[in-house]
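Spelled out, the chains give:
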Amino acid sequence: TLVPRHLLSEHHHIEADERLQQIKKFMTDFDKNKVQTTKYTVLSFLPKNLFEQFHRFANCYFVFIVLLNFVPQVGAIQPFVSMAPVIVILFIQAVKDLFEDYGRYKSDVEINSAECFVLKSSDDKYHKMKWSDLQVGDIVRVVCNSVIPADILLLHSSDPDGICFIETSNLDGESNLKQRMVVPKHWGDVNNHEFYPKEFKSIIECQTPNNEIYKFHGNMIPANGGEKISVNNSNLLLRGCVIRNTDYVEGIVLYAGHETKAMLNNNGPRYKRSKLERRMNTDVIYCVVLLLVMCLIGSVGNGIWASNMSNIEQAELFIPNEENGEALNPALSGFYMFWTMVILLQVLIPISLYVSMEIVKWGQVHMINSDIDLYHKETDTPIRCRALNITEDLGQIQYVFSDKTGTLTENKMIFRRCTIGGVDYPHAANGESPITFLLPNAGPVSCGLFASTQSTEKHFLDGMILFAEVIAALKETDVTPDPVLYEKLISTPYSTFACNEAIWDFFINLAICNTVVISNDSDDSVTASTTPDPYSVSTSIIPSLQSPIFTSKNGMRHEIIQHQQLPSTCPPFILLITLFPFQQISTPGAETYKPLFPNGNHAIPVNGNTNNSANIGAHFNEDGTGFYATISSFTFKYGKLVKLLNATFLNKFLNWHFQRRNVPKLNQLSKIRYEAESPDEAALVYAAHAYGCVLAHRSSHGGKESVTITLPDGGGKLEFEVLHKLPFDSTRKRMSVIVRDPRNGQITLYCKGADSAILSALRRDQQDDSNNSTDIINRTKQYLDKYGRVGLRTLCISKRVLTEAEYSEWEQLHRAAERDLENRDQMMINSFVRMEDNLELLGATGIEDRLQDGVPETIEALRQAGIQVWVVTGDKRETATNIGRSCRLIHQNDEVIELITETPEALSELLDTTISSQDNKRGKLPEIQHQTTLDFVLGTGNRDQPDTLVKEIADKFVLLARRCRSVLCCRATPLQKGMVLKLIKDKLHVMTLAIGDGANDVSMIQVADIGVGLSGQEGMQAVMSSDYALAQFRFLKKLLLVHGHWNYARLASMVLYFFYKNAAFVFLIFWFQILCGFSGGNMIEQSYLLIFNLIFTSVPPLVNGVLDKDIDAATLLKKPELYMQGIKDELYLQRTFWINMLDALYQSLIIFFFLYVIYLDTEVGLIEWGTVVTTAAVFVILIHLGIETKTWTWIHWVCQIGSVLVFFAYSLIYNIVCATCLPPSNPYFVMERVIQTGQFWFSILLVTAVALFPR
């Protein structure tokens, strides 16, 4: 609860109102608007960062080793020297964390220092103030193109209609504009548009801070004690959004700082543990066990030597006596030696492996982000890796769960068909018909405009080919009206049409039952003063032609329209013309068109979308000559390029012609553009637009919203008062708008939604002429099934006429639900459902959503790779099945098993029957059957079915589903998508990937091991929740089959190599213990021991982890079955781990004992011999990696040779400069002497060859 802060300064109000005194106390506890996203401060960085780093077992282990070195009885290495590796690792990690946090600090300073205008109660004026000083209850003003500093309740807008537009891309990635409305004015002069902040003294009740950016509700209590006024998300401006197309807005701060919804959604980077990393942790435990065994052997061996000192001559050289000269107790000596061995053999636990993996994964992410094949040029969208630590999981995916709409399809909706009153209107010319002119006694001139200088001649060019193709991009907004439907629509004069006529209500529903934002070409919002009337008629424009002449083969001359410099709003056209020797007009995929209006009374209207080329259809008959024109996309297959067409001339010519026919002008229509939150809404609004029912204006006056549509053929305007909007949600699967019809003053609810949601809510009428008659409903269902079978997305359109009493009763209950702060969501849904009943069916629509490029090939490749592909969609079964066949999810010869039931019991029985049938056909085999597809409908007719599925019949479902090659789940809600994935993941213990493009896919994406979001038409919510963001589904093929395979192979090899090289080096020290009485002695110089893995052999495996390619990309794409290597985890098994450990054991034996024999009778000292052993180990371990390397680049050569040179350079310099740095060893001039002997080089070559011979 809060009040305006200027009210708190009015002490007489505070003292007189006890509630205001309590509110003032509460408001002192509210956060200021300062944000701090940094993890550390100057004082807390060191302790806090170390505390976080010591959460890793490996770091704690090595600190323990360092502490052991300070114990004199067990110390094996100089204590301060032993700290070096740990300090280096901790330092590198700390520097990384510091840079990351410093970036956050700079961002915080920049944000907190930003300025906004805040009302000061002292002078009642707005003053600049830093964001960080803003407080809850402040009145702020935000100007156009400025970022909103806090969560603000909108009190006033410069727009006289009380609306403003915001861009939420900073919050959810969506760039389309969203409309917000001021709260109903209840203070001061309600009829005065001006806003005087000090007059606003209402008390505001709202939710506690939460992270639901799409949900908000609260109440405003007027100062005069009137009835509570409900406020919701449409009145809230969220921090981080940007004001667009509105001069300024004013509002009161509700949430500030870390309590804003944007900050509550700031969860930091995503972190997941990969499958390989989990396996690696198991192997680290094996190494710990192996270390303990070796230490135990050393302890026992030392005890044996200590107890037999009198019998072993060399014992006293290695087993020291007590300080008083007495023999050391064997048990105590063995105990000390156990811890000494832990220090000596500490390298067996790869401390640098964790940091190395982070570096390699960073490099792999860079390689993926840099792949030009994963870049979508059309939308300028590259791939984005948002999770940096699961790159190798891309190579082990077993199940892919995909959404359909926008993921497999383009989500660019094209209005294809509709049915009204049980009659189907196919719209055969939609998106297919070329520009066609029917000339006297001549065939049509397809796809072009031309004027013949011999137009009076009665013959045409035989064999002359010229084509015209409109190259401007076509979108889902192109609609060519169905001629029969358009004729029927305008056949009744507007002055006399009946208000209950289904055809008019159908298009009115399409036009107003939505949440689209109306804009113009310059991205300025259309306001009351700027809204163009797309159907006004101005002065006739007759084009003047001064065109060059084109001469055909037979000498016939044609005027070709000349290309000029095109304005930015006019797309260029390519003129290509073809004459055919027909007498009829033909359009691809459509029946023959004949003159529709022989008397020339009507014309088919033009779709006025500016985002694409105009769709134009027209017909007139003059002096007995037929004329038909339509513009759309036409594929250029053959013909001859003539010249670029001047789009300005095209507009002039068509406007001149259409004005004669009373059809809207192109340049007027082009001023209106719609921005919708979903492509479905845009397609329906543009469809209504194409038929002349144009959504032209939205406004809000005094808390009352209205929407204006213009009517076709100069029919004027209709302004509907919007009483309520019932937004779409996944539970109801529909949205509605309640309006007062200006035609008769009736209150009407217009509703659109899924067929399952609408048909079940229809009013049952017995009259045969009713829109809800059994015959019309059955025919509509048939058409819906027909639309679904050809892959169209279907929506049912309906309405309900309310009496004043019905509406008044419902409104009271609805207002009570709005004011409830505890159970508001459920009460609102119940209120919506109560209103959306007894509906009258108007018709249905079929919208095409084409498959994306490369989807069938991608699914087929994933299948060949051994990956199971599931499609989980909310669409109806017929639509999903058709798309499934189109994308090769379902093959022609597949057996399709359908699970469609009304009750859980029936589902259980059907599963039993189906499983038994499959057992009889194929035997009781758990393996995948390659000729079976499961078509499963979720939640049909029973809301409780999903829970029942998980709890009671999950095992049966999984048993059947795992045997099918494909599974197609239809009618799935967003929650059910995640539940299905989780069911398979938990029951089968498989690696899963989910891919989707919308908010309804977020649940599925978050549950999967890897979530992939597509940057599609439904906003960026899926991307914001994903691990990887792609532009197209087809990119998944290379991401998994190539990068996934490479990353898995690289990391698996690198991890095994780290275990191998550490073990090989440690075994060398262990073998020496046999010769030194398990005394903890060491022949390797201490500095080598500490930096061998940190410097000498660290860089080459990192390069391999980023750049190595066992198979080239072309082969991996050509043979997807190679991906099975990752699915079966063939490269990193327990078997491969132990094979590498045995390899390390073998090589250490060869290195140690061969060199022991070679130098047995020489005068080489212990450190000198240890230097030879170390050199041999460096050569063997690096060449071992070279043998494992599949692809050599110059970087590989530089790192391999460079590592050897670094080793020799360090040894030569260190032996001279720091010979006595680490007593008791003294390596002075050791390497200099050794490399001058032939025995050294011979032994290195021999040992390397023998050690690597098995490889």
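Being a predicted model, the structure only gives us computed values, none of them experimental.

Conventions adopted
- Residues numbered from 1 in each chain as written.
- Predicted model: local features only at pLDDT ≥ 70, side-chain atom pairs only at ≥ 80, totals over all residues.
- Heavy atoms only, no water.
- Helix = DSSP H or I, 4+ residues; strand = E, 2+ residues; numbered from the N terminus.
- Buried < 20%, exposed > 50% of the residue type's maximum accessible area, 1.4 Å probe, protein only.
- Contact = heavy atoms within 4.5 Å.
- Areas by Shrake-Rupley, 256 points an atom, 1.4 Å probe, with all protein chains shown as cover.
- Phe/Tyr/Trp six-rings, centres within 6.5 Å; stacked < 30°, edge-to-face > 60°.
- Lys NZ or Arg CZ within 6 Å of the ring centre and 35° of its normal.
- Salt bridge = Lys/Arg side-chain N within 4 Å of Asp/Glu carboxyl O.
- Polar contact = N/O pair within 3.5 Å; in protein donor to acceptor, adjacent residues only side chain to side chain.
- Pairing = 2+ DSSP bridges.
- Axes fitted to C-alpha atoms, helices over the stretch in contact; angles between N-to-C directions.
- Core = buried A, V, L, I, M, F, W, Y, C linked by side-chain atoms within 4.5 Å.
- Domains from an automatic or database assignment.
- Patch = residues over 30% accessible without salt bridge, like charges linked within 9 Å, V, L, I, M, F, W, Y side chains within 5 Å.

With respect to the overall build of the protein
Counting its regular elements, the protein contains 39 helices and 42 strands. With 1255 residues in all, the protein has 56% of them scored as buried. Considering only intrachain contacts with a sequence separation of at least 6, the fraction spanning at least 24 residues in the protein is 74%. Carbon and sulfur atoms make up 55% of the accessible area of the protein, which amounts to about 52300 Å² in all.

Brief notes about the packing of aromatic side chains
The tally for this structure, following the rule as stated, stands at 39 aromatic pairs. An angle of 85° between the planes, with centres 5.1 Å apart, marks the rings of Tyr40 and Phe45 as edge-to-face. Overall, the relative accessible area of 17% leaves Phe45 in the buried class. Centre to centre, the rings of Tyr807 and Trp810 are 6.2 Å apart; their planes meet at 35°, and the pair counts as tilted. Here Tyr807 and its partner Trp810 are both found in helix H20 (residues 804–819), three residues apart, which amounts to about one turn of the helix. The structure contains a cluster of three or more aromatic residues connected by ring pairs, namely Tyr1088, Phe1096, Phe1179, Phe1207, Phe1208, Tyr1210, Tyr1214, Phe1240 and Trp1241. Positioned over the ring face of Tyr248 is Arg141, at 4.3 Å from the centre of the ring. Between the NZ or CZ atom of Lys1061 and the centre of the ring of Phe1058, over which it lies, the distance is 4.7 Å.

Digging into the pattern of salt bridges
Scanning all chains against the criterion turns up 31 salt bridges. Here Arg417 and Asp424 are joined by a salt bridge, their closest N and O atoms 2.7 Å apart. In this structure Arg417 comes out as buried when scored by relative accessible area, which is 19%. Judged by its relative accessible area of 16%, Asp424 falls in the buried class. Shared partners join several salt bridges into a network, and the residues in it are Asp505, Asp741, Arg743 and Lys799.

Focus on the side chain of Gln1147
Looking at the secondary structure, you find Gln1147 in helix H35 (residues 1134–1158). Looking at Gln1147, its side chain comes within polar contact range of the side chain of Tyr1060, at 2.3 Å. When neighbours within four sequence positions are excluded, Gln1147 is seen to be in contact with Tyr1060, Val1180, His1184, Ala1251 and Leu1252.

Notes on the sheet that holds strand S8 (residues 217–221)
Pairing within the open sheet is antiparallel, and its three strands lie in the order S7-S8-S9. The open sheet has two edge strands with one neighbour each: strand S7 (203–206) and strand S9 (229–232). Pairwise comparison of adjacent strand axes, ignoring direction, gives a mean angle of 25° for this sheet. Pairing of S8 with S9, which is carried by four bridges, proceeds in the antiparallel orientation. Opposite Met220, over in S9, you have Ile229 as the bridge partner.

Remarks on the nonpolar core
Counting 99 residues, the largest nonpolar core has Leu345, Phe1059, Tyr1132 and Leu1155 as the members making the most contacts within it. The element contributing the most residues to this core is helix H30 (residues 1035–1075), with 20 residues. Summarising the domain contributions, this core has at least three residues from each of domain 1 (31–113) and domain 3 (352–364 + 1045–1253). When neighbours within four sequence positions are excluded, Tyr1132 is seen to be in contact with Leu276, Arg279, Met280, Asp283, Tyr1048, Ala1052, Val1055, Leu1056 and Phe1059. If you look at the next biggest cluster of nonpolar residues, it comprises 51 residues, including Ala502, Cys513, Phe720 and Val739.

Some thoughts on unusual backbone geometry
Here Asn245, not a glycine, exhibits a phi torsion of approximately 55°, which is positive. The topology assignment puts Asn245 in the loop between strand S11 (242–244) and strand S12 (248–255). Accessibility expressed as a relative area gives 21% for Asn245, which makes it partly exposed. Even without being a glycine, Lys733 presents a positive backbone phi close to 60°. For Lys733, the position within the fold is in the loop between strand S31 (717–729) and strand S32 (734–740).

Quick notes on a nonpolar patch on the surface
A contiguous nonpolar surface patch, about 560 Å² in accessible area, is contributed by Ile1074, Leu1075, Leu1149, Phe1153, Tyr1156, Val1157 and Leu1160. Looking at the nonpolar patch, the elements with two or more residues in it are H30 and H35. When you line up the elements, Tyr1156 lands in helix H35.

Considerations on the sheet that holds S32
Pairing between sheet strands relies on hydrogen bonds along the backbone, with the strands arranged either parallel or antiparallel. An order of S16-S15-S35-S34-S33-S32-S31-S30-S29 is seen for the nine strands of this open sheet, with the pairing classed as antiparallel. Looking at which strands have only one partner, the edges of the open sheet turn out to be strand S16 (423–425) and strand S29 (694–701). Here the average twist between neighbouring strands, direction ignored, is 25°. Against the sheet, helix H21 (residues 824–835) engages S31, S32, strand S33 (747–753) and strand S34 (792–802), with an angle of about 130° to S31.

By themselves these figures say nothing about function.
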